[in-house]
Amino acid sequence: MAIEIPRELVESLRRARRVAVLTGAGVSAESGVPTFRDAQTGLWARFRPEELATPRAFRLDPRRVWEWYAWRRELVARAEPNAAHRALVAMEARQPEFTLITQNVDGLHTRAGSRNVIELHGNLHRTKCFDEDVAVSEWTDTGDVPPRCPRCGGLLRPDVVWFEENLPVEALARAMECSAACDVFLSVGTATVVYPAAELPLRARAGGARLVEINPSPTPISAQAHHVLRGPAGEVLPELLRAWTEHDPVLSPREDPPDARGDVT
Ligand code: OAD
């Protein structure tokens, strides 16, 4: 599939001082990690979020919730970052102020090599105490499922954000700030229906950013986007990177004779 990258978008990217990106489950779809809301294949088509992703669900059946996340953790451990993750790494390498905000808990952006990553919904690979709400990295395996907190004996849980819970305060504040201050905002592979993350693209637009959506399907923000690139992230992002860097004077060696340089007045 040929993806046309509008010239105006390329120019905006080349001019941009700050670029922010919001990613969702769609960015990991091509790594074989299921999304949430895609019909048939999405996790929420097969499981009920209120039985697995709320504090109440954990109180009612902690073993079930722990095992469901353990299954997802194993699935993600077998997955590899895809061309979309890699394109975002390359974008960060060429753009000094580049912030990657993700709703994903799979850690694939960091595994791919992205550095400035804000994880809004936590990380599947981390664990915390349900009672104390503090990170726990080691515990003795006594056969309990979920395992017990080595300090207080309470239940351990995945360090992810569940429905009815607040997002990490500092991460959300930074995400809001970067969105409001950026020149170009890419919303990639997210249904943009879960708040407050869904508010970030609109905040960026209100702050004057060029808003770009990359998604094979329409979302509630499509109508607000300056550019909508319909297609899988693993195809569109490498194409966008190519257009952004192609024939870019910043990347090509300068050929001015020495005396044409240093024209400081
Ligand atoms: P969703 O599953 O709601 O949306 C995934 C989006 O990715 C959809 O808009 C798809 O059209 C799109 N998509 C599918 N394949 C794609 C591909 N190859 N390339 C690009 N896009 C593709 O996932 P999120 O928007 O991330 O929260 O969901 C947000 C939050 O809802 C999640 O973080 C999770 C969930 O409930 C919690 O668990 C708290």
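Residues numbered from 1 in each chain as written. Predicted model: local features only at pLDDT ≥ 70, side-chain atom pairs only at ≥ 80, totals over all residues. Heavy atoms only, no water.

Quick look at the site of the ligand
In step 1: Contacts to the ligand come from 23 residues, most closely from A25, F36, R37, T190 and N215.
In step 2: For the ligand, an oxygen atom lies 2.9 Å from a polar atom in the side chain of W44.
In step 3: For the ligand, whose free accessible area comes to 790 Å², the fraction covered by protein is 92%. (Near = heavy atom within 4 Å. Polar contact = N/O pair within 3.5 Å; in protein donor to acceptor, adjacent residues only side chain to side chain. Areas by Shrake-Rupley, 256 points an atom, 1.4 Å probe, with all protein chains shown as cover.)

Some remarks on the packing of helix α7 (residues 83–94) against helix α11 (residues 233–245)
What describes two packed helices is the angle between their axes and the distance between those same axes.
In step 1: Where α7 contacts α11, the two axes come as close as 7 Å, and the packing angle between them is 25°. Between α7 and α11, the angle is such that the two are roughly parallel. As for how α7 packs across α11, the hand of that crossing is left-handed. Contacts from A83, A84, A87, L88, A90, M91 and R94 of α7 reach α11 at A233, G234, L237, P238, L240, L241, W244 and T245. (Axes fitted to C-alpha atoms, helices over the stretch in contact; angles between N-to-C directions. Helix = DSSP H or I, 4+ residues; strand = E, 2+ residues; numbered from the N terminus. Parallel < 35°, antiparallel > 145°, perpendicular 65-115°, else oblique. Left-handed = near helix turned anticlockwise from the far one by under 90°. Contact = heavy atoms within 4.5 Å.)

Some remarks on the sheet that holds strand β3 (residues 117–119)
In step 1: Spatially, the six strands line up as an open sheet ordered β3-β2-β1-β6-β7-β8, and their pairing is parallel. Since the sheet does not close on itself, it has two edges, and those belong to β3 and β8 (227–229), each with one partner. Adjacent strand axes in the sheet meet at a mean angle of 15° when their direction is disregarded.
In step 2: By the bridge criterion, five bridges tie strand β6 (residues 184–188) to strand β7 (residues 210–214) in an arrangement that is parallel. (Pairing = 2+ DSSP bridges.)

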